[in-house]
2 protein chains.
Amino acid sequence: MNNFNFYSPTFFAFGKDTENDAGKLVRRFGGSKVLIHYGGGSVIRSGLLDRVKASLDSESIPYVLLGGVKPNPRSGLVYEGIELCKKENVDFVLAVGGGSSIDSAKAIAAGAVYDGDFWDFYSGKYIENALPIGTVLTISAAGSEGSPDSVITKEEGMFKRGATGDAIRPKFSILNPALTQTLPQYQTACGITDIMAHLYERYLTNTTEVEATDRMIEAHLLTMIHEGPRVIADPNNYAARANIMWAGMMAHNNSCGVGRSQDWNSHNIEHELSALYDCAHGAGLAVTMPAVFTYVMNHDVMRFAQIAVRVWGCQMDFACPENTAKAGIEALRSFLISIGMPKNFAELGAKEEDIDKLVDVLCNGNGRNGSISGFVTLDENDCRNIYKLMV
Amino acid sequence: MNNFNFYSPTFFAFGKDTENDAGKLVRRFGGSKVLIHYGGGSVIRSGLLDRVKASLDSESIPYVLLGGVKPNPRSGLVYEGIELCKKENVDFVLAVGGGSSIDSAKAIAAGAVYDGDFWDFYSGKYIENALPIGTVLTISAAGSEGSPDSVITKEEGMFKRGATGDAIRPKFSILNPALTQTLPQYQTACGITDIMAHLYERYLTNTTEVEATDRMIEAHLLTMIHEGPRVIADPNNYAARANIMWAGMMAHNNSCGVGRSQDWNSHNIEHELSALYDCAHGAGLAVTMPAVFTYVMNHDVMRFAQIAVRVWGCQMDFACPENTAKAGIEALRSFLISIGMPKNFAELGAKEEDIDKLVDVLCNGNGRNGSISGFVTLDENDCRNIYKLMV
């Protein structure tokens with residue numbers, strides 16, 4: 001195991017009706033003027049936004065509103081939010097929504113206390129300071145409620161890039177599984193896929209003998225495999241929603257990633273798909289992961305065989321571990337299809353003729369030099385072959 | 001899943017040579033005058049105490065020393081530490097050692113800012129305030145490095161009781177697996193047993209459908225089963241030490257216990273053994289757990305069958321799940337014996353003729369009224385039967 005630091009100081013309030021504690025938690029963590037940042041209709045229609053506002057009112061905490069966050073959140077709204085925070089002397093950013101609202105809130109919180117262009121953070125600069133952030137989560141997926149990460153898309157060039165820093169870890173996150181019960185099945189399945197991808201990205205490591213982490217990742221994957229079909233069959237299954245929500249947070253607060261190398265090639269390869277086609281990130285990952293894993297499997301067959309046996313219940317083929325490794329990838333693919341995810345470019349709405357463009361932006365955009373690296377380093381030719389496997 | 005809060009704001013610095021960062025971390029978390037609290041010879045002989053002192057010196061942070069913590073730490077030294085903190089205007093308590101030193105440091109930190117008798121906290125009062133605490137861990141066992149808990153023994157009556165409060169969660173914990181390499185094999189095995197007990201106590205729940213937590217507990221148990229024998233066979237196996245140390249922290253920071261009822265009857269029943277005979281807590285647990293589990297198994301046979309199948313690799317006996325449940329308990333017993341733990345009263349140094357006394361202190365001491373409760377409620381007769389199973 002490599003040396004590491006682990007720090008996850010977010011306060012989690014988990015369970016039914018916990019959104020009514022938003023005001024108390026903002027007060028506890030030092031907020032006196034709040035920006036409430038959210039997406040569109042559902043948090044308004046469901047009454048959630050009103051409940052959060054009432055909770056702030058009951059603590060006599062003033063707030064301003066900025067809605068309009070879209071999936072794959074854009075830099076334009078971030079600039080708007082930064083201006084609003086400065087103008088209104090906001091000292092706390094409260095995201096109400098899913099990963100997109102939270103990621104956009106993180107970018108605003110970092111940009112509001114930074115003299116330069118916030119995009120610097122999405123070009124590699126570590127985030128040292130930010131306004132404190134709280135979240136009321138409505139989708140189990142991105143894990144942004146417990147992570148120091150944010151992903152934003154820049155309209156100009158459609159670059160989708162990530163930023164990180166302990167300063168943007170939420171001070172508190174309110175996780176009420178009941179809030180996710182009204183999600184369309186497709187979005188629920190996209191969330192499950194995203195959570196599983198966060199786990200796979202950390203499983204594909206070149207650091208040996210980190211059994212504690214392997215076992216934790218396997219545990220959360222087994223939870224998703226158990227609870228995913230239950231929640232697809234019955235969207236009102238609170239227990240299944242709760243297990244997915246809690247495991248989804250842990251899948252991405254990096255408790256499963258410390259002390260070893262990680263991959264993130266699937267995320268990088270997918271980001272170009274959702275940036276270009278504006279498809280759901282989880283749906284893109286469902287198509288991307290099996291292709292990437294098939295392509296890189298021979299880099300460490302036993303790692304893929306291990307996850308096949310321990311997570312997917314495959315029989316170990318001792319004479320040919322490659323068969324077991326392949327069976328595990330097929331089991332993942334079948335599972336994702338079973339919960340309603342797309343299996344190829346056509347179902348995703350992507351086009352084979354765009355592959356050269358995708359590869360170019362992926363490998364050469366935003367400061368990269370012809371390749372992406374992770375579990376293995378992939379050059380333009382590798383990435384082209386991987387996209388072709390998805391057609 | 002029940003509603004819950006989870007808050008684990010401890011900063012973990014993990015890996016080789018991390019003890020040299022003690023001074024910087026005390027500074028980061030606001031300390032300007034430190035009590036270094038520790039046990040006896042080993043931290044002095046190994047040079048660890050000198051390295052910690054040098055690290056404080058390099059940050060120009062003054063300190064006072066209080067050694068002499070013994071296993072099953074006593075209230076007498078806690079009172080001494082509280083006086084010393086007040087007299088010397090200490091504002092940070094740094095424990096160097098295992099769970100005993102850390103628990104004693106927590107009691108001192110709470111008592112130093114409390115007007116009454118610190119034992120109030122060990123009689124049920126929640127700890128609201130304490131001096132900030134840091135730890136340099138030397139034994140993977142108690143999990144106190146990441147927990148809000150402390151256990152102290154009061155000499156008068158030999159009551160061993162616990163206290164809790166977020167205020168005594170360490171601000172930082174330094175976890176260097178190499179520091180555990182010089183431990184005697186017996187102590188290493190006691191630590192592994194204690195960690196496994198923390199997991200079992202949380203597995204035995206009456207809350208249904210908390211799959212995410214079941215899977216996490218199973219993950220950490222599988223890590224102990226994999227790494228325990230490796231570290232007993234080769235005490236210098238750094239990777240195995242590292243996995244045990246990290247899993248040991250997570251076994252007790254309550255990430256495996258939120259949102260559901262827990263047991264803790266094995267700990268309660270054991271505490272009377274280590275209080276009376278001054279045996280190692282882990283050794284006491286090795287004798288206690290199989291007896292308790294055998295006694296309470298029929299309260300929920302399927303729960304014991306589940307852990308037998310998922311953790312111990314037992315075959316499910318679908319015609320008679322009780323057989324599977326029993327096989328799992330036997331597998332645990334055999335594992336503990338294989339790493340050198342005692343299997344009965346005789347090997348532990350306990351005496352059958354003391355059972356009535358043990359039962360009386362357990363069930364009636366320190367405010368209890370004839371029983372202890374957890375996974376099941378156990379009255380005096382139940383506890384007597386359980387102790388008899390250990391003979």
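Residues numbered from 1 in each chain as written. Chains lettered and ligands numbered in written order. Predicted model: local features only at pLDDT ≥ 70, side-chain atom pairs only at ≥ 80, totals over all residues. Heavy atoms only, no water.

Caption draft 1: Fine view of the side chain of T135 of chain B. Residues and elements named next belong to chain B. Tracing the backbone through its elements, the reader meets T135 in strand β5 (residues 133–137). Given a relative accessible area of 0%, T135 falls into the buried group. Those residues within four positions of T135 in sequence are excluded, and the remaining contacts are L94, A95, I102, E145, P170, F172, S173 and I174. (Helix = DSSP H or I, 4+ residues; strand = E, 2+ residues; numbered from the N terminus. Buried < 20%, exposed > 50% of the residue type's maximum accessible area, 1.4 Å probe, protein only. Contact = heavy atoms within 4.5 Å.)

Caption draft 2: Structural view of the relation of the copies chain B and chain A. Mapping chain B onto chain A calls for a rotation angle of 180 degrees and an axial translation of 0.0 Å; the resulting RMSD is 0.0 Å. The relationship between the two copies is best expressed as a two-fold rotation axis. Residues of chain B ranked by C-alpha distance from the rotation axis are headed by P9 of chain B, positioned 1.9 Å from it. Taken together, the interface assignments show that 100% of the residues at the interface of chain B recur at the interface of chain A, consistent with an identical surface on both copies. (Least-squares fit on C-alpha atoms with pLDDT ≥ 70 in both.)

Caption draft 3: Spotlight on helix α11 (residues 301–310) of chain A. V301, R303, F304, A305, I307 and A308 of chain A are the residues of α11 of chain A that are buried. Where the residues of α11 of chain A are buried, they touch α6 (185–203), α7 (211–233), α10 (281–296) and α12 (321–338) of chain A.

Caption draft 4: Here's a closer look at unusual backbone geometry. Even without being a glycine, D17 of chain A presents a positive backbone phi close to 65 degrees. Considering the arrangement of structural elements, one finds D17 of chain A in the loop between β1 (4–14) and α1 (22–28).

Caption draft 5: Geometry of the sheet that holds strand β4 (residues 92–97) of chain B. Pairing within the open sheet is mixed, and its 12 strands lie in the order β3(A)-β2(A)-β4(A)-β5(A)-β8(A)-β1(A)-β1(B)-β8(B)-β5(B)-β4(B)-β2(B)-β3(B). Two strands close off the open sheet at either side, each with one partner strand: β3 (63–66) of chain A together with β3 (63–66) of chain B. Across the sheet, the axes of successive neighbouring strands diverge by a mean angle of 20 degrees, strand direction being ignored. Bridge count between strand β4 (residues 92–97) of chain A and strand β5 (residues 133–137) of chain A: five bridges; the pairing is parallel. Directly across from V96 of chain A, in β5 of chain A, lies its bridge partner V136 of chain A. Across the sheet, helix α3 (residues 48–58) of chain A lies against β2 (34–38), β3, β4 and β5 of chain A, angled at about 170 degrees from β2 of chain A, the strand it touches most. Helix α3 (residues 48–58) of chain B contacts β2 (34–38), β3, β4 and β5 of chain B of the sheet and is inclined by roughly 170 degrees relative to β2 of chain B. (Pairing = 2+ DSSP bridges. Axes fitted to C-alpha atoms, helices over the stretch in contact; angles between N-to-C directions.)

Caption draft 6: Summary view of empty space enclosed by the protein. This structure, assessed with the given rule, holds six cavities of 30 Å³ or more. In terms of lining, the largest cavity is formed by 17 residues, of which the most central are F6, N253 and S255 of chain A together with N253 and S255 of chain B. Those elements that provide at least two residues to the lining of the largest cavity are β1 and α8 (238–250) of chain A together with β1 (4–14) and α8 (238–250) of chain B. When its residues are assigned to classes, the lining of the largest cavity shows 11 nonpolar, six polar and no charged. (1 Å grid on protein atoms, 1.4 Å probe; cavity = no way out; pocket = protein on both sides within 12 Å on 5 of 7 lines; lining within 4 Å. Points joined across faces, edges and corners; volume = space filled by probe spheres on them. Nonpolar A, V, L, I, M, F, W, Y, C, P; charged D, E, K, R; others polar.)

Caption draft 7: Quick peek at the packing of α6 of chain A against α7 of chain A. Residues and elements named next belong to chain A. Contact pair α6 / α7: the axes reach a minimum separation of 10 Å and the direction vectors enclose 165 degrees. On the basis of their axis angle, the class for α6 and α7 is roughly antiparallel. Considering the relative orientation of α6 and α7, their crossing is left-handed. Contacts between α6 and α7 involve Q185, T188, A189, I192, I195, M196, L199, Y200, R202 and Y203 on the former and, on the latter, D214, I217, E218, H220, L221, M224, I225, G228, V231 and I232. Its residues assigned to classes, the contact of α6 with α7 shows 13 nonpolar, four polar and three charged. (Parallel < 35°, antiparallel > 145°, perpendicular 65-115°, else oblique. Left-handed = near helix turned anticlockwise from the far one by under 90°.)

Caption draft 8: Local environment of α6 of chain A. Spanning 19 residues, α6 of chain A covers 27 Å between terminal C-alpha atoms, matching the ideal 27 Å at 1.5 Å per step. Burial within α6 of chain A is extensive, with 16 of its 19 residues counted as buried. (Expected span 1.5 Å × (residues − 1).)

Caption draft 9: Representation of the packing of helix α6 (residues 185–203) of chain B against helix α9 (residues 265–277) of chain B within the structure. Residues and elements named next belong to chain B. Close contact between α6 and α9 brings their axes to 9 Å; oriented N to C, the two are set at 135 degrees. Comparing their axes, α9 and α6 come out oblique. Facing D194, A197, H198 and E201 of α6, the residues of α9 in contact are N265, S266 and H267. For the contact of α6 with α9, the per-class residue count stands at one nonpolar, four polar and two charged.

Caption draft 10: Expanded view of the pairing of strand β8 (residues 172–175) of chain A. All names here are of chain A. Side chains of β8 alternate between two faces, with F172 and I174 and S173 and L175 buried alike. Alignment of β1 against β8, held across four bridges, turns out to be parallel. Within β8, the residue paired with F12 across the bridge is S173. Inspection of the sheet shows β5 paired to β8 by four bridges, in the parallel sense. Along β8, the bridge assignment pairs L137 with L175.

Caption draft 11: Structural context of the interface of chain B and chain A. Contact residues are listed per partner, giving 40 residues for chain B and 40 residues for chain A. Of the roughly 3,400 Å² buried between chain B and chain A on both sides combined, carbon and sulfur atoms contribute 60%. Where chain B meets chain A, there are two salt bridges. Taken together, the connections running from chain B to chain A amount to 14 residue pairs in polar contact (both at pLDDT 80 or more). (Buried area = accessible area lost by both parts, 1.4 Å probe. Salt bridge = Lys/Arg side-chain N within 4 Å of Asp/Glu carboxyl O. Polar contact = N/O pair within 3.5 Å; in protein donor to acceptor, adjacent residues only side chain to side chain.)

Caption draft 12: Structural detail: the packing of aromatic side chains. All names here are of chain A. Counting across every chain of the model gives 38 aromatic pairs over all chains. Here F304 and F375 contribute two aromatic rings whose centre-to-centre distance is 6.2 Å and whose plane-to-plane angle is 70 degrees, an arrangement assigned as edge-to-face. You can see F304 sitting in helix α11 and its partner F375 sitting in the loop between β9 (371–372) and β10 (378–379), a full 71 residues away along the chain. Given the relative accessible area of 1%, F304 is considered buried. (Phe/Tyr/Trp six-rings, centres within 6.5 Å; stacked < 30°, edge-to-face > 60°.)

Caption draft 13: Up close: the pattern of salt bridges. All names here are of chain B. This model, assessed by the stated rule, comprises 35 salt bridges over all chains. When the shortest N-O distance is used, the salt bridge between E59 and R27 registers 3.7 Å. Taken together, the residues span a long stretch of sequence, with E59 in the loop between α3 and β3 and R27 in helix α1 (residues 22–28) at a distance of 32 residues. The salt bridge involving R215 is made with E218; its shortest N-O contact spans 3.4 Å. Taken together, the residues R215 and E218, both in helix α7 (residues 211–233) and three residues apart, mark about one turn of the helix. On the basis of relative accessibility, which here comes to 14%, the residue R215 falls in the buried class.

Caption draft 14: Representation of the pairing of β1 of chain B in the model. Where burial is concerned, most of β1 of chain B is hidden: 10 out of the 11 residues are buried. Here β1 of chain A pairs with β1 of chain B via nine bridges, running antiparallel. Across the sheet, the residue bridging to F12 of chain A is F6 of chain B, located in β1 of chain B.

Caption draft 15: Fine view of the environment of R333 of chain B. Note that R333 of chain B resides in helix α12 (residues 321–338). When neighbours within four sequence positions are excluded, R333 of chain B is seen to be in contact with P290 and T294 of chain B.

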